[in-house]
Amino acid sequence: MDEKSKVIYQNRISDKDYRKAQHSKQKFIRKYGDDARADYPAKLVENRTLFSPLGVYDIRVAEGEGELPFDLERGVIVGNIRMGFGHYRISIAMASAAHALGYTPYWMDLNSYGDTTCTKVISSQNDLYSLGSRISQKSRLFNKAVWEPMNYEGFRQLSYNASDQKNAELMAPVFGNIPKDIPVIGTHVWPAQAAIHAGMRYVVNAIPDNWPMALHLAEGAVHTVQTHQSYMGYRILNGMQKNAVLHPMDADALRYTGHYVDHELTENIEFDCSKRLYRKAQGEPMRFLLTIGGAGAQKELFAAVIRYLLPYVRESKAALYVNVGDYRKVWDELKQEIDGLEELSTEHLNRWEDTVQFTSDAIDGMVEGVHAFWHENIFEAVYCTNLLMRSADVLLTKPSELSFYPIPKLFLKRIGGHERWGAIHSAEFGDGTLECTDIPHTLQMVELFLKEDVTLSMMCENIICNKRMGLYDGAYEVVRLAMGLRE
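Here's a quick rundown of the structure. (Residues numbered from 1 in each chain as written. Predicted model: local features only at pLDDT ≥ 70, side-chain atom pairs only at ≥ 80, totals over all residues. Heavy atoms only, no water.)

Re the overall build of the chain
Secondary structure assignment for the chain yields 18 helices and 18 strands. Computed over C-alpha atoms, the radius of gyration of the chain comes to 22 Å, within 12% of the 23 Å expected from 2.2 N^0.38 for 487 residues, which places it in the range of a compact globule. Dimensions of the chain, computed from the C-alpha atoms along their principal axes, are close to 65 × 50 × 45 Å. Looking at the 487 residues of the chain, the share that counts as buried comes to 62%. Of the contacts made within the chain by residues no fewer than 6 positions apart, 72% connect residues no fewer than 24 positions apart. Accessible surface, the chain as shown: approximately 19,200 Å² in total, 50% of it carbon and sulfur. (Helix = DSSP H or I, 4+ residues; strand = E, 2+ residues; numbered from the N terminus. Rg over C-alpha atoms; globule rule 2.2 N^0.38 Å. Buried < 20%, exposed > 50% of the residue type's maximum accessible area, 1.4 Å probe, protein only. Contact = heavy atoms within 4.5 Å. Areas by Shrake-Rupley, 256 points an atom, 1.4 Å probe, with all protein chains shown as cover.)

And the structure:
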């Protein structure tokens, strides 16, 4: 096989772009070193947050704790990175599905391995991405001239994948002592690429979003997608070398699965939708879930929505869940900036048992006022939204990974051009709104949810119908695919 940075699915990369890819790798080596000869142990420990509900073990690449053996028959690795919250959330969906199907999920976060070259490379790129996300929400010029084009067309090109493949060679050493026959599900392309470079034999690359980009290619893995539109774009590598007609991906390298959703959410769709409709019919406060992603952007938009809804909260016509993830500063700033918010709020701050109890009680119980959630632990920060979704009526979110979840959704302005297609897909399947690109249109949709029955009822009916079609079964299908590769 040709080197992965020179030829991608039989499409040759230019000498100029190949040299650029080599330079990218060498730049990281000069900055962070090359630990290709390192012998990193692989230890298993129970995940503090996810072991109890989902049986998740962390793979630690370090000396010391952890003496449990790998389950070579039922074990499956969920490879991920922390870059925003989206890839963690997709990983939780995979772990949930694996647990429900009787497998043992192993959590492998390549951005958590301290002094390794792998983690240093990923962390540096994560920091840049988070900074770009925040700047794009404050500067229209930066968003239009830099951020949208990069996320929409820059990441789309095969030349970008060539550089990523070179950089991923530096990530492979952390897989050195992991049994090569354990299936790997990568919920970001870098773990999938690194696993292939490390010689892992059974790798599935679970592609997020709904805009085909060469960024997400990991040749040698089986790629899965959540939409048919995405399938066709990836199959022909559409637009990934400007206007060239490219050699297509092999048919056995790409699978449509449906949406990546947690087992606990999927199995309770009918019940949760019936509770939403019941609360609406009884005139109970409509529950809006606002969730700030891992880049910490969109605080200003959240503030506008909260200001609009507070009078309805006082009249018991609305209730608010506000999850600021692991960004405590965001909640403190919201309290300072919005008159009356603090006195209407119950804070569930860094108390995980309290959060779990509240989310359980809220499914059947009454909820009023504003409930704020912040958790320092990244797993708690992300999983909090998953737990809150069951009792929420409407989720307010940018159209990223949450676009694919079975809850009525109001889509806020995107962060990056690739996200627009998540809202388009959701609107077409009837479980979410169009993308609201400014505050007035966002508040218009909030008002529609509040003051009429049609929008919520239609979305709940469509969610139930979509479940019958298997639209939300993607996580199960990815796990079955990964475990079936050995056969």
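A few points about the side chain of Ser-391
Its place among the elements puts Ser-391 in the loop between helix H14 (378–389) and strand S16 (394–397). Under the relative-accessibility criterion, Ser-391 is labelled buried at 0%. Here the side chain of Ser-391 touches Tyr-321 through a polar contact of 3.0 Å, side chain to side chain. (Polar contact = N/O pair within 3.5 Å; in protein donor to acceptor, adjacent residues only side chain to side chain.)

Topic: the pattern of salt bridges
Pairs can form between side chains of opposite charge once their charged atoms are near each other. Evaluation of the coordinates by the stated rule reveals 28 salt bridges. Lys-166 is the partner of Glu-169 in a salt bridge, and the nearest nitrogen-oxygen pair spans 3.4 Å. Residue Lys-166 is classed as buried on the basis of its relative accessible area, which comes to 9%. The residue Arg-414 makes a salt bridge to Glu-435 at a minimum N-O spacing of 2.9 Å. You can see Arg-414 sitting in the loop between strand S17 (409–411) and helix H15 (420–429) and its partner Glu-435 sitting in strand S18 (residues 432–435), a full 21 residues away along the chain. Assigned by exposure class, Arg-414 and Glu-435 land together as buried. (Salt bridge = Lys/Arg side-chain N within 4 Å of Asp/Glu carboxyl O.)

Considering the packing of aromatic side chains
Under the counting rule described, the total for this entry stands at 14 aromatic pairs. Seen in terms of ring centroids, Tyr-88 and Trp-107 are 5.1 Å apart; in terms of plane orientation they differ by 85°. Their pairing is edge-to-face. With Tyr-88 in helix H3 (residues 86–100) and Trp-107 in strand S6 (residues 104–109), the pair connects residues that are 19 residues apart, well separated along the chain. On the accessibility criterion, Tyr-88 (3% relative accessible area) is buried. Seen from their ring centres, Tyr-321 and Phe-373 are 6.4 Å apart, and the 90° between their planes marks the pair as edge-to-face. Here Tyr-321, found in strand S13 (residues 318–323), pairs with Phe-373, found in strand S15 (residues 370–374); they are 52 residues apart in sequence, far enough to count as distant. (Phe/Tyr/Trp six-rings, centres within 6.5 Å; stacked < 30°, edge-to-face > 60°.)

Examining the environment of His-87
Counting through the fold element by element, His-87 comes out in helix H3. Remark: the alpha-carbon pair of His-87 and Thr-187, spanning 100 residues in sequence, is separated by 5.7 Å. With near-sequence residues (within four places) excluded, His-87 lies in contact with Asn-80, Ile-81, Thr-187, His-188 and Pro-208.

Focus on the packing of helix H10 (residues 269–281) against helix H17 (residues 454–468)
Remark: H10 packs on H17, axes separated minimally by 10 Å, with the N-to-C direction vectors making an angle of 170°. In terms of their interaxial angle, H10 and H17 are classed as roughly antiparallel. Of the residues in H17, those in contact with Ile-269, Glu-270, Cys-273, Arg-276, Leu-277 and Lys-280 of H10 are Leu-456, Ser-457, Cys-460, Ile-463, Ile-464 and Lys-467. Per-class residue counts for the contact of H10 with H17 are seven nonpolar, one polar and four charged. (Axes fitted to C-alpha atoms, helices over the stretch in contact; angles between N-to-C directions. Parallel < 35°, antiparallel > 145°, perpendicular 65-115°, else oblique. Nonpolar A, V, L, I, M, F, W, Y, C, P; charged D, E, K, R; others polar.)

Regarding the sheet that holds strand S11 (residues 254–256)
Reading across the sheet, the eight strands line up as S3-S4-S6-S5-S7-S8-S9-S11 and stay open at both edges, with mixed pairing between neighbours. Both edges of this open sheet fall to strand S3 (43–46) and S11, since each of them pairs with a single strand only. The average undirected angle you get between the axes of adjacent strands in this sheet is 30°. As paired elements, S3 and strand S4 (residues 57–60) share four bridges and run antiparallel to each other. The partner of Leu-44 across the bridge, within S4, is Ile-59. Here H3 sits on the sheet and contacts strand S5 (75–80), S6, strand S7 (184–186) and strand S8 (203–206); the angle it forms with S5, its principal contact strand, is near 170°. (Pairing = 2+ DSSP bridges.)

Here we look at the environment of Met-240
Looking at the element boundaries, Met-240 is found in strand S10 (residues 240–243). In this structure, the C-alpha to C-alpha distance between Met-240 and Leu-344, residues 104 residues apart in sequence, is 50 Å. Residues contacting Met-240, with those up to four places away along its chain left out, are Arg-156, Gln-157, Leu-158, Pro-212, Met-213, Ala-214, Leu-217, Gly-233, Tyr-234 and Leu-246.

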